[in-house]
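Close look at the chain arrangement
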Amino acid sequence: MAPLQNDTYKILLDIIKQKVPQKTKLANQLADILLIEKEAVYRRLRGEVPFTFTEIVKISRVFNISLDTIIGINSSRSHPFQLKFTRYFNPIEVDYAMHEEFTDIVGQTKNDVHSEAGFTAGVLPLHFTLNYEQIQRFYTLRWLYQFGDSGTKLTFSKIFFPERLRGLFQRYLIEVEHFRYTYFIFDKCFLINLVNDINYFHSIRLISKDEIILLKDEIRKFLDDFERMAIHGKFKNGNKIDVYISSLNFENTYSYMQTNQYRITMIKAFTYHELSSLDEVVFDKTKKWLQALKRTSVLISGSNEMSRILFFEEQRKILEKEL
């Protein structure tokens, strides 16, 4: 069979590398799928030998990739994204595997002095929510209400995380702090939006008054911890953090992670999920957009004491008045 054309071939590589970012694991899987030697797989991954159409069909079947996606997206203005639906409530083995895989990828930053991560935050990113069980339970309730079984309306009191998942949360928090430089650009309305959401779920009787007290206490603790982090401008391991407050509202939440081994772009979707891409053009445009967003934002970490004090005073007033 004839090999694929260059554009289509690149699309295929982007998609399968998103599904299995670790090169060794990907090479092993492709060798098993195509029944060829691993060195022959590496030649294909390097672009020295293209995949044939027959090989593409085998790969697409195993990885559940639409051939229309591979062959149809053939424009310089089209760039592939992948959406992974990972469950945080009642996870099954495939969900654990996806959590572990992403944490493994993040963990590759340990010895990379040039690693960098940037986030816009319309809602609290995992850096923060995973540290606070009540807030994490609330976001899970919100997700279940919108995307869970329509016949079942779970209340806040029924939301719990298995010990294995808690362990993965803690491991992720450790690994993600290995980026040598991390910056967050927060939507100025992120806290009032969270408070309004909590009030709504209380109004439809999915959160009790006692549970609101639990949430309010934990949000206070989050603001205290967040302020200390902004004062010091670094994680506990010494890696640098910048915190910005945007003067503009976000229409979505974007992030990227950059190391010597990978460049990943992510767009938040459905509260918990993310569209992710390894496409270089998407990465460059996203990073450029986040860097430009800094210019319309106020840096509150490090030495900008007045702006930081005013910001946290305002957030505490919102919390006490509105929740």
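Refer to the structure printed above.
Quick look at the structure, then. The shown structure was predicted, so the numbers you read here are calculated from the model rather than taken from an experiment. Throughout this description, residue numbers start from 1 for each chain and increase along the sequence as written. A pLDDT threshold of at least 70 governs which residues receive local features in this predicted model, and a stricter bar of 80 or more applies before side-chain atom pairs are shown or counted, although totals over entire chains, interfaces and linings include all residues. Side-chain figures throughout are based on the complete set of non-hydrogen atoms in the structure, without hydrogens or water.

1. Thoughts on the packing of aromatic side chains
- Pairing of aromatic side chains here covers Phe, Tyr and the six-membered ring of Trp, requires ring centres within 6.5 Å, and sorts the geometry by plane angle: under 30 degrees stacked, over 60 edge-to-face, intermediate tilted. On inspection of all chains with the given rule, the structure shows 24 aromatic pairs.
- Ring geometry for Phe161 and Phe169: centres 5.5 Å apart, planes at 75°, overall edge-to-face. Across the pair, exposure class does not vary: Phe161 and Phe169 are buried alike.
- Here Phe222 and Phe226 contribute two aromatic rings whose centre-to-centre distance is 5.4 Å and whose plane-to-plane angle is 20°, an arrangement assigned as stacked. Here Phe222 and its partner Phe226 are both found in helix α11 (residues 209-232), four residues apart, which amounts to about one turn of the helix.
- Through a chain of ring-to-ring contacts, the aromatic side chains of Phe119, Phe128, Tyr132, Phe184, Phe186, Phe190, Phe222, Phe226, Phe311 and Phe312 assemble into a single cluster.
- Here, over-ring charges are defined by two tests on the NZ atom of lysine or the CZ atom of arginine: distance to the ring centre within 6 Å, and angle to the ring normal within 35 degrees. Over the ring of Phe160 we find Arg137, and its NZ or CZ is 4.9 Å from the ring centre. Per-residue accessibility, obtained with a 1.4 Å probe over protein chains only, is compared with the maximum for each type, and a residue is labelled buried under 20%, exposed over 50%, and partly exposed between these values. The way it works is that DSSP assigns letters per residue, a run of H or I at least four long becomes a helix, a run of E at least two long becomes a strand, and they are numbered from the N terminus.

2. Things to note about the environment of Pro125
- Along the chain, the position of Pro125 falls in the loop between β2 (116-121) and α7 (126-129).
- Sequence spacing of Pro125 and Lys268 is 143 residues, and the spatial spacing of their C-alpha atoms is 9.6 Å.
- Here Pro125 is in contact with Phe184 and Phe186, once residues within four sequence places are set aside. The contact rule is simple, with two residues in contact once any of their heavy atoms fall within 4.5 Å.

3. Quick notes on the pattern of salt bridges
- Each reported salt bridge corresponds to a side-chain nitrogen of Lys or Arg within 4 Å of a carboxyl oxygen of Asp or Glu. Tallied over the full model, the rule gives 20 salt bridges.
- The partner of Arg46 in a salt bridge is Glu39, with the nearest N and O atoms 3.0 Å apart.
- Under the relative-accessibility criterion, Glu39 is labelled partly exposed at 41%.
- One salt bridge in this structure joins Arg166 and Glu163, with 4.0 Å as the shortest N-O distance. Note that Arg166 and Glu163 are positioned in helix α9 (residues 163-176) at a spacing of three residues, about one turn of the helix.
- A single salt-bridge network, built from bridges that share partners, covers Asp104, Lys110, Arg171 and Glu175.

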